[in-house]
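Spelled out, the chains give:
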Amino acid sequence: MSSSSTPRKIVVLISGSGTNLQALIDALNTPALPNAEICLVLSNRKAAFGLTRAAQAVPPIPTAYLALQTYLKQHPGKTRQDYDAEVAKIVLRAKPDIVVLAGWMHILSEDFLELLDGRKKVEGVEDTSATEPVPVINLHPALPGQFDGASAIERAFEAFQKGEIDHSGAMVHRVVKDVDRGEPLVVRQVTFVKGEGVKEYEKRLHDVEHEIIVEATKKVLDEVKPLTS
């Protein structure tokens, strides 16, 4: 069967309100993201509104929830790496063509990436092992090499206020073991405006994020599962 007749499958990992997830939902099966479906939304926070967004989508998108501390309490002796492997199993069961981290506030270890790209097999669960490497991409609200990790928006705005920079931006990059250091796929600069507060800057930045997360998802899907006529 050609890839044109089978939807390209996306798994989205979230931790919060899911505005970037909503941007992906809105773009499905438009020219911005043709022949695609979100087959699973996974959150590490039970109260994440993104789970509600997924449930209210038409058609509803399957959801899953797994928090690190809950997992560790339920499985004495297990580690953070074991949790990451469990997240990988949940993701792989959905058989995605791509995994998109859209506001996922948990740093995934090498264990997760090794299972997604097939370097490791899921022991004892044949149907969850990756037969082909599954690309993982992440949205980060800063430019490559700047403000890696948490609180990037606030740190960039503080640098602007000190006169150290006049712009920041956002990027979508491939996920590697080093935080926010994977190959940039789409990069967009956002200039600071004098007199503007951090909340106004953040809103403009989020508008850019909603565009580039769709653009990068399409770019990678076109690489791994191109449309055929």
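Fair warning: this is a prediction, and the values are worked out from it, not measured in the lab.

J.: Hey, could you run me through the UniProt feature "domain: Formyl transferase N-terminal" (unreviewed entry) in the chain in this one?
T.: Within this numbering scheme, the UniProt entry marks residues 9–117 and 133–217 as carrying the feature "domain: Formyl transferase N-terminal" (unreviewed entry). Annotated as 41% helix and 19% strand, the span residues 9–117 places its first and last C-alpha atoms 16 Å apart.

J.: Would you explain the environment of Leu 185 in this entry?
T.: Here Leu 185 lies in strand 7 (residues 184–191). A C-alpha to C-alpha distance of 29 Å links Leu 185 and Pro 59, two positions 126 residues apart in sequence. Not counting chain neighbours up to four residues away, the residues in contact with Leu 185 comprise Ile 137, Val 172, His 173, Arg 174, Ala 216, Lys 219 and Val 220.

J.: Looking at this model, I keep getting lost on the pairing of strand 5 (residues 136–140). Mind explaining?
T.: Put simply, side chains in a regular strand alternate between the two faces of the sheet. Within strand 5, five of the five residues are buried, which leaves it mostly tucked inside the rest of the structure. As paired strands, strand 5 and strand 6 (residues 167–174) are joined by four bridges and run antiparallel to one another. Within strand 6, the residue paired with Ile 137 across the bridge is Arg 174.

J.: I tried to follow the layout of surface pockets on my own but got confused; where do I start?
T.: The gaps of empty space that remain are located by a probe, the size of a water molecule, rolled over the atoms. The computed volume of the largest pocket comes to approximately 870 Å³. Broken down by secondary-structure element, the contributors of at least two residues to the lining of the largest pocket are helix 1 (19–27), strand 5, helix 6 (152–161) and helix 7 (198–224). Considering only residue class, the lining of the largest pocket consists of 16 nonpolar, 14 polar and seven charged.

J.: Got a minute to help me understand the side chain of Ser 43 in this structure?
T.: Mapped onto the elements of the fold, Ser 43 is located in strand 2 (residues 36–43). Judged by relative accessible area, Ser 43 falls into the buried class, the value being 0%. A polar contact is formed between the side chain of Ser 43 and the backbone oxygen of Arg 45, at a distance of 2.7 Å. Filtering out sequence-adjacent residues up to four positions away, Ser 43 remains in contact with Ile 14, Ser 15, Ala 48, Leu 51, Ala 64, Tyr 65, Leu 66 and Trp 104.

J.: Please clarify how the nonpolar core should be interpreted in this entry.
T.: Generally speaking, soluble globular proteins have nonpolar side chains that are buried together. Membership of the largest hydrophobic core comes to 46 residues, with the highest contact counts inside it found for Ile 10, Val 12, Leu 33, Ile 38 and Val 41. In terms of residue count, the dominant contributor to this core is helix 7 (nine residues). Counting residues in hydrophobic clusters, the runner-up holds 29 residues, among them Val 11, Leu 40, Ala 64 and Leu 66.

J.: When you look at the pairing of strand 1 (residues 8–14) in this model, what are you seeing that I'm missing?
T.: Most of strand 1 sits out of view: six of its seven residues are buried. Pairing geometry for strand 1 and strand 2, over seven bridges, is parallel. Looking across to strand 2, one finds that Leu 13 is bridged to Leu 42. Bridge count between strand 1 and strand 4 (residues 98–101): four bridges; the pairing is parallel. Each bridged residue has a counterpart across the sheet, and for Ile 10 the counterpart in strand 4 is Ile 98.

Rules behind the numbers
Residues numbered from 1 in each chain as written. Predicted model: local features only at pLDDT ≥ 70, side-chain atom pairs only at ≥ 80, totals over all residues. Heavy atoms only, no water. UniProt positions renumbered as here; feature names shortened; annotations may be inferred. Helix = DSSP H or I, 4+ residues; strand = E, 2+ residues; numbered from the N terminus. Contact = heavy atoms within 4.5 Å. Buried < 20%, exposed > 50% of the residue type's maximum accessible area, 1.4 Å probe, protein only. Pairing = 2+ DSSP bridges. 1 Å grid on protein atoms, 1.4 Å probe; cavity = no way out; pocket = protein on both sides within 12 Å on 5 of 7 lines; lining within 4 Å. Points joined across faces, edges and corners; volume = space filled by probe spheres on them. Nonpolar A, V, L, I, M, F, W, Y, C, P; charged D, E, K, R; others polar. Polar contact = N/O pair within 3.5 Å; in protein donor to acceptor, adjacent residues only side chain to side chain. Core = buried A, V, L, I, M, F, W, Y, C linked by side-chain atoms within 4.5 Å.

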